[in-house]
Amino acid sequence: MASMTAHDHMSRDKSSEPEQNGPFRELVRRRRAELNKSLDQFAAAAVDPVSGEHVKRGWIHRLETGQPVTPPGVRQLRALAAACELPLEQLQDAAGSQFHGVDPLISGSTEAKAYVHKLDRLPAEQRERLLRLIDTLVPPEE
């Protein structure tokens, strides 16, 4: 039996590595750009309001450039949510998808997923009106 080469070993290891390009990376990159913050400004704002833990500039840079990073824990996610000015759940969903292959929205329809993802961009008042409209078309389950 032939011995495993370094290349073969590395190829197998890559399959178990967390995905470096994905929805979490894109969310953080897009949000930093929308907020018009430099990497230093963004990193300075990335502080967990509960523990006071900071997410380092280098980690954010590696994430945004697609380099390997350690998947963030809840403290880092809270810190990044503060810097992104987004709900924690939005970052948790994106991180779960990118690093663990978890789809926060289980649905048989890709169309339904697209609708739900667009809802986050609507103001709260419009989301409430849309829900009332949907309730007139399809009564809520009890």
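These notes cover the structure that comes with them. Keep in mind the model is a prediction, meaning the values are calculated, not measured.

Notes on a nonpolar patch on the surface
Link 1 in the chain: There is a patch of nonpolar side chains on the surface, built from Leu130, Leu133, Ile134, Leu137 and Val138 and spanning about 460 Å² of accessible area.
Link 2 in the chain: Following the sequence through the fold, Ile134 ends up in helix H8 (residues 124-137).

Topic: helix H5 (residues 74-84)
Link 1 in the chain: Restricting attention to buried positions, one finds in H5 the residues Leu77, Ala79, Leu80, Ala81, Ala83 and Cys84.
Link 2 in the chain: Those residues of H5 that are buried lie in contact with helix H2 (23-34), helix H3 (39-45), helix H4 (57-64) and helix H6 (88-100).
Link 3 in the chain: Glu85 sits one or two positions beyond H5 and adopts a positive phi of about 55°.

Describing the side chain of Asp48
Link 1 in the chain: Along the chain, Asp48 turns up in the loop between H3 and H4.
Link 2 in the chain: Only 2.7 Å separates the side chain of Asp48 from the side chain of Arg78, close enough to count as a polar contact.
Link 3 in the chain: The residues touching Asp48, leaving out its near neighbours within four places in the chain, are Glu53, Arg75, Arg78 and Ala79.

So, the nonpolar core
Link 1 in the chain: In terms of nonpolar packing, the biggest core is built from 23 residues, with Phe24, Trp59, Ile60, Leu80 and Leu91 touching the most fellow members.
Link 2 in the chain: Secondary structure elements with two or more residues in this core: H2, H3, H4, H5 and H6.
Link 3 in the chain: No other element matches H5, which puts six residues into this core.
Link 4 in the chain: When neighbours within four sequence positions are excluded, Ile60 is seen to be in contact with Leu39, Phe42, Ala43, Ala46, Val55 and Leu80.

Considerations on the side chain of Arg25
Link 1 in the chain: As for its placement among the helices and strands, Arg25 is situated in helix H2.
Link 2 in the chain: Among the polar contacts made by the side chain of Arg25, one reaches the side chain of Asn21 at a distance of 2.8 Å.

Section: the packing of H2 against H6
Link 1 in the chain: Packing of H2 against H6 brings their axes to within 7 Å, and their N-to-C directions diverge by 140°. One finds that H2 runs oblique with respect to H6. Residues Pro23, Phe24, Arg25 and Leu27 of H2 form the contact with H6, whose own contacting residues are Gln90, Leu91, Ala94, Ala95, Ser97, Gln98 and Phe99.

The rules behind each value
- Numbers given for residues are sequential positions, taken from 1 along each chain in its written order.
- pLDDT decides what is reported in this predicted model: residues at 70 or higher carry local features, side-chain atom pairs at 80 or more are listed and counted, and totals for whole chains, interfaces and linings draw on all residues regardless.
- Note: side-chain values were computed over all heavy atoms of the structure, leaving out hydrogens and water.
- Like charges within 9 Å and nonpolar side chains (Val, Leu, Ile, Met, Phe, Trp, Tyr) within 5 Å are joined into patches, using only residues over 30% in relative accessible area that form no salt bridge.
- Under the convention used here, a 1.4 Å probe and the Shrake-Rupley method define accessible areas, while residue burial counts only the protein chains that appear.
- Should a side-chain nitrogen of Lys or Arg be within 4 Å of a carboxyl oxygen of Asp or Glu, the pair is scored as a salt bridge.
- Runs of E in the DSSP output that reach at least two residues are strands. Runs of H or I that reach at least four are helices, and both are numbered from the N terminus.
- Using a 1.4 Å probe on the protein chains alone, a residue whose accessible area is under 20% of its type maximum counts as buried, one over 50% counts as exposed, and one in between counts as partly exposed.
- When checking whether two residues touch, look at their non-hydrogen atoms; a contact exists if any pair is within 4.5 Å.
- For this analysis, a polar contact is any N or O atom pair within 3.5 Å, provided that within protein one partner can donate a hydrogen and the other can accept it, and provided that sequence-adjacent residues contribute only side-chain to side-chain pairs.
- Nonpolar cores are built from buried Ala, Val, Leu, Ile, Met, Phe, Trp, Tyr and Cys residues. Side-chain atoms within 4.5 Å join them into one set.
- In this analysis, axes come from line fits to C-alpha atoms, helices being fitted only over the stretch in contact, and the angle between any two N-to-C directions falls in the range 0 to 180 degrees.
- These descriptions rest on fixed angle ranges, namely under 35 degrees for roughly parallel, over 145 for roughly antiparallel, 65 to 115 for roughly perpendicular, and the rest for oblique.

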